[in-house]
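Summary of the model geometry
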Amino acid sequence: MPHLSWHEVRDRAIRFSRDHAGDRSESAEKQTFWNEFFYVFGLRRASLASFEENVRNLKGNKGAIDLLWKGRLLVEHKSFGEDLALAETQAFTYIEDLTREQRWEEIPRFVLVSDFARFVLYDLEPAEPAGESSKQHDLALLEGRTIAPHHFVLAEFPHHVRHFAFMLGQTRVRLDPEDPANEKAYQRMCELHDALNAGGFDPHDLERLLVRILFCLFAEDTGIFAPDAFTQFIRSQTREDGADLGARLNELFDWLNDPRADETLADTDQFYGFRYVNGALFQAPLRFARFDRRMRDALLFCCDFQWARISPAVFGSLFQGVMEDRARRQQGAHYTSERDIMKVLRSLFLDELRAEWERRRANRSSRRRTEIEGFHEKLRSLRFLDPACGCGNFLVLAYRELRTLEIEVIRTLHGAQQQVLDVRHLLKVDVDQFHGIEYSEWPVRIAEVALWLMDHQMNALAAEAFGQSFDRLPLRSSPHIVHGNALRLDWNEALPREQCACVMSNPPFIGKAFRNPEQRADMALVWDGVKGAGVLDYVTCWYVKAARYIQGTRIAVAFVSTNSISQGEQVGILWGELFQRFHLKIHFAHRTFAWASESRGKAHVHVVIIGFGAFDRADKRIFDYEPRAAEPTESVASNINPFLVEGADIVLTKRTTPLCAAPAISFGSMANDGGCLILSPQERAELLREAPAAQPFIRPYTGSEEFIHGIDRYCLWLVDATAAQLREMPAVLRRVDAVRKLRSASRRPTTQALARTPSLFGEIRQPAESYLAIPKTSSEGRTYIPIAFVRPTVIANTELFTIPGASMFDFGILTSRMHMAWVRHVCGRLESRFRYSAGIVYNNFPWPQNVSPAHKEKIQELAARVIELRIKAGDGRHGFLPVRDKSRASALADIYDPLVTPRDLQRAHNALNRAVDRRYRAQPFRSDRERVEHLFRLYEQLIAPLLAE
């Protein structure tokens, strides 16, 4: 396969324009003209594009496209001097016809019209966001979008050859994570996988085969191989029934692994257009089951897709759906979007590296060139490790950014049009700077291929920048991806710490309930001897492994993690260990945001990004994500605590009593009854019809959901029921007996013991007086957690916290903006919803100190006003005063819906907020960040005497 530089293309273009200067007749000279046009770019037209491609118009009549390279180029040709506007109209009419026939894969991106002497080139994707599908682009044309053409004459062709970079597979694609082409590529690869899997392939060989096929598909669409070389090989060199497909593929793979593949072949040779690849990708022979027609058709279906549309940066994401859902969950396989990966890379090293580059480039001293050359050497020296690399998305994007920066460096050193030196000798950054560890073998291979393909794309970009076409085949350098368990390997085996600059990853998201035995063993190994580590997320293992790896170094680390590690009880265990034992410092933090996956089904996870090291730095940064805001707000912090706000390196540990002089808090009661003592409204009515005497023993029963949404539920509360009364209620006794049987059948001795008192809840903590109720789980979308006073006759379950004997002052503090700031930053989360806790949130909350009686009374008055306005709004279930018309009562969820909260209630809350804020400091707080930072300083003061004891 000829592999031409742009200089050679220009030389051929000069000869072409000279040889065809006198062409006039479409019928006599068109085919020779276009055959030699393809030759300018080193391509054989007959293997790529066809003349007179049939298509039907609206009336059903058959038309013929002058020349069609399916999916890439449509040519409409006229004789010399004819109206090119007519040719343009005809060309776009053909595109409409292709669309109507739903021949999506044949619709080209480029349209070229010519009369020998004049050319007009249309790029149908000039201003669209990255990767819009062929179907969408065509519909855009039908909707009348403007397509800006590029005009030139034959004599000027040598000066316009760069506009035909797509002939060499070098079209620059503006990629979009939401590109429908990603989904289409995924579907095709899944169909191929399913067809091959149904044929009885060994799973290991099937995975390796798919990776090789994917490389070939990219290679023929991006200029590594001749355009459509792989497609034509399958179509013309294998039988239609697929019987010889396996044997022929193995022959091709052997050739791609053979140095002889770099020899020039005749265009009639079966392996024409292929290159020697090396890199061990095609080294081992594969054992194939018998192929059939369905498998071959599925492979050709993949071949028809334009794989150049898919960036290697989202390469691995296409394959998540190929794994079964169960396997994906067990491996914690999540694929981070490019947008979120860039958050990690920019904060970890890119922003700092770019700032350094700008400083060196702006240097006007005599040492400027030396400074820039030193920076280039620094780029080459950087080594990166991803210890849970999956399909390599982090490494691929990091490589792309380093190569982009390197091109800027070379352009600055040698000029934009590098003509003297071979540019390949100027490029220093290579894939061998990137290291990873991955548990599954298939993603290891995908990561390697993705890095090689990104290398090729960046080489094409360098060729475009410097006017020299080149590539790095055969592959001399390889990324270093280790196949193994990162929690059991010494990371120095993947990359010695002395060579490492950065560690970055998106470790597995696996909750406690989903861990398999091996993962539980991993946790035990990594967290050996640490008290309470059983509650930690699996991702925390990577934090400990990283902490050990970076000791005594300047290695910077950044992980994407579930936000649970910076909230609730995990903080004290994880960060207590990381701070005290490993002396880590948090360098930057992206606070909770919705994680965007490019995988099918999109995992619903809220995450944080935490950057840290075993050294301190001055310029710490915090990124906050407001709802519906496009970009985060960035602020500088003197220190970042594990709750990801400015504050000292302190952690909150579970307390059994309040830190301040506050009333005690408790869980509600636990039924432990299998539902036998719990009644719906219908069950309550039925029970009362059968046993009217049960009326005094049926109580309202509430947890978070019932409390917030005003849902009616009831329970049998038989604490004061005598044996005689129970015997008079057979329907109640049947339920009690069911409780006894259920508890007796339990394997837990404590539950078995409860079978002796089956009429009672398993754990009874019901207050004897009115209590303040706080839902354990509530929406993060509300400004306030709906809390309220409740009568003692309402039974609280374990989803409700109770504060017996709480005062109106207590209500005022706990329903304030100050307390909510603490909750938002400290409490655990269920998905993104608040999970209030006694031991972490309430008992550690710093209440205002030394509040005067007058100020206390003021807060009580303002709190009472809030309750009064709630009652006015319809909250008759949880206020002190009864509501005469219960049908008009509104649930707390309705009253505190931010869209419909009554204005006077909002004003009452604002007045209460200001009064509470002033009890903490005279200066107004500008944000919740300021509030929680103040609270942490106060907390530090409050615990200082306790730590000194």
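It should be emphasised that the depicted structure is a prediction, and the values quoted were computed from it without experimental measurement.

With that settled, consider the overall build of the chain. The helix and strand tally for the chain stands at 30 helices and 26 strands. Once local pairs closer than 6 in sequence are excluded, the contacts in the chain between residues at least 24 apart make up 75%. If you sum the accessible surface of the chain, you get close to 39900 Å²; carbon and sulfur atoms cover 49% of it.

Secondary-structure assignment places Ser635 in strand β15 (residues 633–637). For the pair Ser635 and Phe623, spaced 12 residues apart in sequence, the C-alpha to C-alpha distance is 6.6 Å. In contact with Ser635, not counting residues within four places along its chain, are Lys620, Arg621, Ile622 and Arg929. A distance of 3.0 Å separates a polar atom in the side chain of Ser635 from a polar atom in the side chain of Arg929.

Axis angle and axis distance: for two packed helices, these are the angle between their axes and the distance between the axes, and together they describe the pair. The contact between helix α6 (residues 203–222) and helix α14 (residues 441–466) brings their axes to 9 Å, and the two run at 10°. Our classification of the angle between α6 and α14 gives roughly parallel. Residues His204, Glu207, Arg208, Leu210, Val211, Phe215, Phe218 and Thr222 of α6 lie in contact with α14, whose contacting residues are Glu441, Trp442, Arg445, Ile446, Val449, Leu453 and His456. When its residues are assigned to classes, the contact of α6 with α14 shows 8 nonpolar, 3 polar and 4 charged.

If you check helix α27 (residues 853–873), its first and last C-alpha atoms are 30 Å apart, about what 21 residues at 1.5 Å a residue would give, namely 30 Å. Listed in full, the buried residues belonging to α27 are Ile859, Leu862, Ala863, Val866, Ile867, Leu869 and Arg870. Here the buried residues of α27 occupy an arc of 160° about the axis, which is enough to place them on one side. Exposed residues pointing more than 90 degrees away from the buried face of α27 are listed as Pro853, Ala854 and Lys872. Buried positions along α27 lie against β22 (788–790), α24 (808–814), α28 (892–895) and α29 (903–920). Phi turns positive one or two residues past the end of α27, at Gly874, with a value near 120°.

In any sheet, the strands associate via hydrogen bonds between backbone groups, in a parallel or an antiparallel arrangement. With respect to topology, 4 strands assemble into an open sheet ordered β16-β24-β20-β22, the strand pairing being antiparallel. The open sheet is flanked by β16 (666–667) and β22, the only strands paired with a single partner. Two strands pair when backbone bridges link them, and strand β20 (residues 771–775) and strand β24 (residues 800–804) are joined in this way by 5 bridges, in the antiparallel orientation. If you follow Ala773 over to β24, its bridge partner there is Thr802.

Further remarks concern the side chain of Asn844. Looking at where Asn844 falls in the secondary structure, it is placed in the loop between α26 (838–842) and α27. The buried category is assigned to Asn844, whose relative accessible area is 0%. A polar contact is formed between the side chain of Asn844 and the backbone oxygen of Thr653, at a distance of 3.0 Å. Setting aside anything within four residues of it in sequence, one finds Asn844 in contact with Leu652, Thr653, Arg655, Leu659, Trp822, Gly839 and Tyr939.

This paragraph deals with the packing of aromatic side chains. The geometry of an aromatic ring pair comes down to the distance between the two centres and the angle between the two planes. Across all of its chains, the model carries 56 aromatic pairs by this definition. Pairing Trp34 with Phe37 gives two aromatic rings, centres 5.0 Å apart and planes at 65°, and the pair type is edge-to-face. You can see Trp34 and its partner Phe37 sitting in helix α2 (residues 26–40), 3 residues apart, about one turn around the helix. Residue classification places Trp34 among the buried positions, given a relative accessible area of 0%. Geometrically, the ring pair formed by Phe845 and Trp847 is edge-to-face, given 6.0 Å between the ring centres and 70° between the ring planes. In this pair, the class of Phe845 matches that of Trp847, namely buried. Above the plane of the ring of Tyr39 lies Arg12, whose end atom (NZ or CZ) is 4.1 Å from the centre. The ring of Phe80 has Arg24 sitting right over it, with the charged end atom 3.9 Å from the ring centre.

To continue, consider α2. Spanning 15 residues, α2 covers 20 Å between terminal C-alpha atoms, matching the ideal 21 Å at 1.5 Å per step. Positive phi appears at Gly42, one or two residues downstream of α2, with a value of about 75°.

This part covers the packing of α27 against α29. Contact geometry for α27 and α29: axes closest at 9 Å, N-to-C directions at 160°. Taken together, the axes of α27 and α29 are roughly antiparallel relative to one another. The crossing of α27 and α29 is left-handed. On α29, the residues touching His855, Ile859, Leu862, Ala863, Arg865, Val866, Leu869, Arg870 and Lys872 of α27 are Asp904, Leu905, Ala908, His909, Ala911, Leu912, Ala915, Val916 and Arg919. Looking at side-chain class alone, the contact of α27 with α29 contains 11 nonpolar, 2 polar and 5 charged residues.

Attention shifts here to the state of the cysteines. Simply put, disulfide is the name for a covalent bond between the sulfur atoms of two cysteines. Across all of its chains, the model carries 0 disulfides by this definition. For Cys303, which is in no disulfide, the shortest distance to another cysteine sulfur is to Cys302 and amounts to 7.0 Å. On the accessibility criterion, Cys303 (5% relative accessible area) is buried.

A few words on the sheet that holds strand β3 (residues 73–77). Across the sheet, 6 strands lie side by side as β1-β2-β3-β4-β5-β6; this open sheet has mixed pairing. Only two strands of the sheet have a single partner each, and these edge strands are β1 (50–56) and β6 (149–153). Averaged over all adjacent pairs, the angle separating strand axes in this sheet is 30°, with direction ignored. Sheet analysis places strand β4 (residues 110–114) next to strand β5 (residues 118–123), joined by 5 bridges and oriented antiparallel. Bridging from a neighbouring strand, Phe110 pairs with Asp123 of β5.

Let's shift gears to the nonpolar core. By size, the foremost hydrophobic cluster in this structure holds 118 residues, and its most contacted members are Trp527, Tyr543, Trp575 and Tyr836. Each residue touching Tyr836, except ones within four places of it in the same chain, is listed here: Ile665, Ile774, Pro775, Lys776, Ile785, Phe801, Leu814, His819, Val823, Val841 and Tyr842. Core analysis: the second largest hydrophobic core is formed by 113 residues, Leu196, Leu245, Leu397 and Ile481 among them.

Reading the values: the criteria
- Residues numbered from 1 in each chain as written.
- Predicted model: local features only at pLDDT ≥ 70, side-chain atom pairs only at ≥ 80, totals over all residues.
- Heavy atoms only, no water.
- Helix = DSSP H or I, 4+ residues; strand = E, 2+ residues; numbered from the N terminus.
- Contact = heavy atoms within 4.5 Å.
- Areas by Shrake-Rupley, 256 points an atom, 1.4 Å probe, with all protein chains shown as cover.
- Polar contact = N/O pair within 3.5 Å; in protein donor to acceptor, adjacent residues only side chain to side chain.
- Axes fitted to C-alpha atoms, helices over the stretch in contact; angles between N-to-C directions.
- Parallel < 35°, antiparallel > 145°, perpendicular 65-115°, else oblique.
- Nonpolar A, V, L, I, M, F, W, Y, C, P; charged D, E, K, R; others polar.
- Expected span 1.5 Å × (residues − 1).
- Buried < 20%, exposed > 50% of the residue type's maximum accessible area, 1.4 Å probe, protein only.
- Arc of directions from axis to C-beta.
- Pairing = 2+ DSSP bridges.
- Phe/Tyr/Trp six-rings, centres within 6.5 Å; stacked < 30°, edge-to-face > 60°.
- Lys NZ or Arg CZ within 6 Å of the ring centre and 35° of its normal.
- Left-handed = near helix turned anticlockwise from the far one by under 90°.
- Disulfide = S-S within 2.5 Å.
- Core = buried A, V, L, I, M, F, W, Y, C linked by side-chain atoms within 4.5 Å.

Remember that the coordinates give geometry; whether it matters functionally is a separate question.
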